[in-house]
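# Reading the structure
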Amino acid sequence: MIRDDTRQTVKFVVWVIVLVIAFYIASVFVFYKAGSQSRDNDKKIAQLASQKTPITNVQSYYHLDRGVSSYSLKGTSKKGQNYYFIYLPKTKKAYLMPAKKGVSENKIQSEFKRLHPEQNISEINLGWYKGEAVWEVASQNKNKEYSYTLYEFKSGNEISEVANL
């Protein structure tokens, strides 16, 4: 009788292990597929930037969707100059902006922290909003409420803020 119980226990343990492995493989597949569009867009914008702009080395990727989906990157030229490149896939328009003609991500981050010391920045993205390049700062307060603040790329002036979501 003990032998039958042991056999049943072993079958159950093997069955549970097979289910856990199958679940793990399925979740890896789902997360890989979920990120594939973003990876494809990053490749596409990097290829476009290398073909149409002086950018040769990509440093950062951004994505923003505020009524207009935009994919952006920060990169440098062979001469070491910094640029930002924004691509609007639906209209197939692209914008190249020398970094010196705008405000950097670091400056936006510093300004946001100075004005909102109680907020924790979760992400900063560069994109397109109402016909201009903008920085978006996504943050959370101590109550885990989200806030989104938009800044003009050229001046660093705050455009809008939606708080406590």
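Scroll up a little and you will see the structure.
Throughout what follows, the structure given in this document is the object of discussion. Nothing here was measured: the structure is a model prediction, and the numbers come from that model.

### A few points about the overall build of the protein
- When helices and strands are counted, the protein shows 2 helices and 8 strands.
- Ordered by position from N to C terminus, the α and β elements of the protein give α-β-β-β-β-α-β-β-β-β.
- Taking 2.2 N^0.38 as the reference for a compact globule, 165 residues should give roughly 15 Å; the C-alpha atoms of the protein span a radius of gyration of 23 Å, well beyond that estimate.
- Along the three orthogonal principal directions, the C-alpha set of the protein runs to about 80 × 45 × 30 Å.
- Per-residue burial for the protein yields a buried fraction of 32% across its 165 residues.
- Summarising the internal contacts of the protein: among those between residues at least 6 apart in sequence, 32% fall at separations of at least 24.
- Of the roughly 11,200 Å² of accessible surface on the protein, a fraction of 55% belongs to carbon and sulfur atoms.

### Let's talk about the packing of aromatic side chains
- For the coordinates displayed, the defined rule picks out 5 aromatic pairs.
- Between the aromatic rings of Y62 and W135, the centroid separation amounts to 5.4 Å while the plane-to-plane angle is 85°, which identifies the pairing as edge-to-face. One end of the pair, Y62, is in strand β1 (residues 55–65); the other, W135, is in strand β6 (residues 132–140), with 73 residues separating them in the sequence.
- A relative accessible area of 0% places W135 in the buried class.
- Ring pairs connect the aromatic residues Y62, Y84, W135 and F153, which therefore count as one cluster.
- Above the plane of the ring of Y148 lies R66, whose end atom (NZ or CZ) is 5.5 Å from the centre.

### A word on unusual backbone geometry
- At K92, a position not held by glycine, the phi torsion is positive, near 60°.
- Within the secondary structure, K92 sits in the loop between β3 (82–88) and β4 (93–98).

### As for a nonpolar patch on the surface
- Taken together, the side chains of F12, V13, W15, V16, I17, L19, V20, I21, Y24, I25 and V28 present a nonpolar region at the surface, about 1,100 Å² in accessible area.
- What makes I25 exposed here is its relative accessible area of 53%.

### Here's the deal with the pairing of β4
- Pairing analysis gives 6 bridges linking β3 to β4, with the strands arranged antiparallel. Paired with L88 across the strands is K93, a residue of β4.
- Hairpin connection between β3 and β4: a loop of 4 residues separates the two successive antiparallel strands, and K92 in this loop has a positive phi of roughly 60°.

### Quick look at the sheet that holds β1
- Strand order in the open sheet made by the 4 strands is β1-β2-β3-β4, with antiparallel pairing throughout. Both edges of this open sheet fall to β1 and β4, since each of them pairs with a single strand only. Neighbour-to-neighbour, the strand axes of the sheet open up by a mean angle of 20°, direction not taken into account.

### Focus on the pattern of salt bridges
- As enumerated under the stated definition, the model contains 2 salt bridges in all.
- With a closest N to O distance of 2.4 Å, E136 and R66 form a salt bridge. Here R66 lies in the loop between β1 and β2 (69–77) and E136 lies in strand β6, a separation of 70 residues in the sequence.
- Taking relative accessible area as the criterion, R66 reaches 34% and is therefore assigned partly exposed.
- Ionic pairing is found between R114 and E111, a salt bridge with its closest N-O pair at 2.8 Å. In this pair, R114 and E111 both sit in helix α2 (residues 105–115), 3 residues apart, roughly one turn of the helix.
- Judged by relative accessible area, which is 56%, R114 ranks as exposed.
- In this structure E111 comes out as partly exposed when scored by relative accessible area, which is 27%.

What counts and what doesn't
- Residues numbered from 1 in each chain as written.
- Predicted model: local features only at pLDDT ≥ 70, side-chain atom pairs only at ≥ 80, totals over all residues.
- Heavy atoms only, no water.
- Helix = DSSP H or I, 4+ residues; strand = E, 2+ residues; numbered from the N terminus.
- Rg over C-alpha atoms; globule rule 2.2 N^0.38 Å.
- Buried < 20%, exposed > 50% of the residue type's maximum accessible area, 1.4 Å probe, protein only.
- Contact = heavy atoms within 4.5 Å.
- Areas by Shrake-Rupley, 256 points an atom, 1.4 Å probe, with all protein chains shown as cover.
- Phe/Tyr/Trp six-rings, centres within 6.5 Å; stacked < 30°, edge-to-face > 60°.
- Lys NZ or Arg CZ within 6 Å of the ring centre and 35° of its normal.
- Patch = residues over 30% accessible without salt bridge, like charges linked within 9 Å, V, L, I, M, F, W, Y side chains within 5 Å.
- Salt bridge = Lys/Arg side-chain N within 4 Å of Asp/Glu carboxyl O.
- Pairing = 2+ DSSP bridges.
- Axes fitted to C-alpha atoms, helices over the stretch in contact; angles between N-to-C directions.

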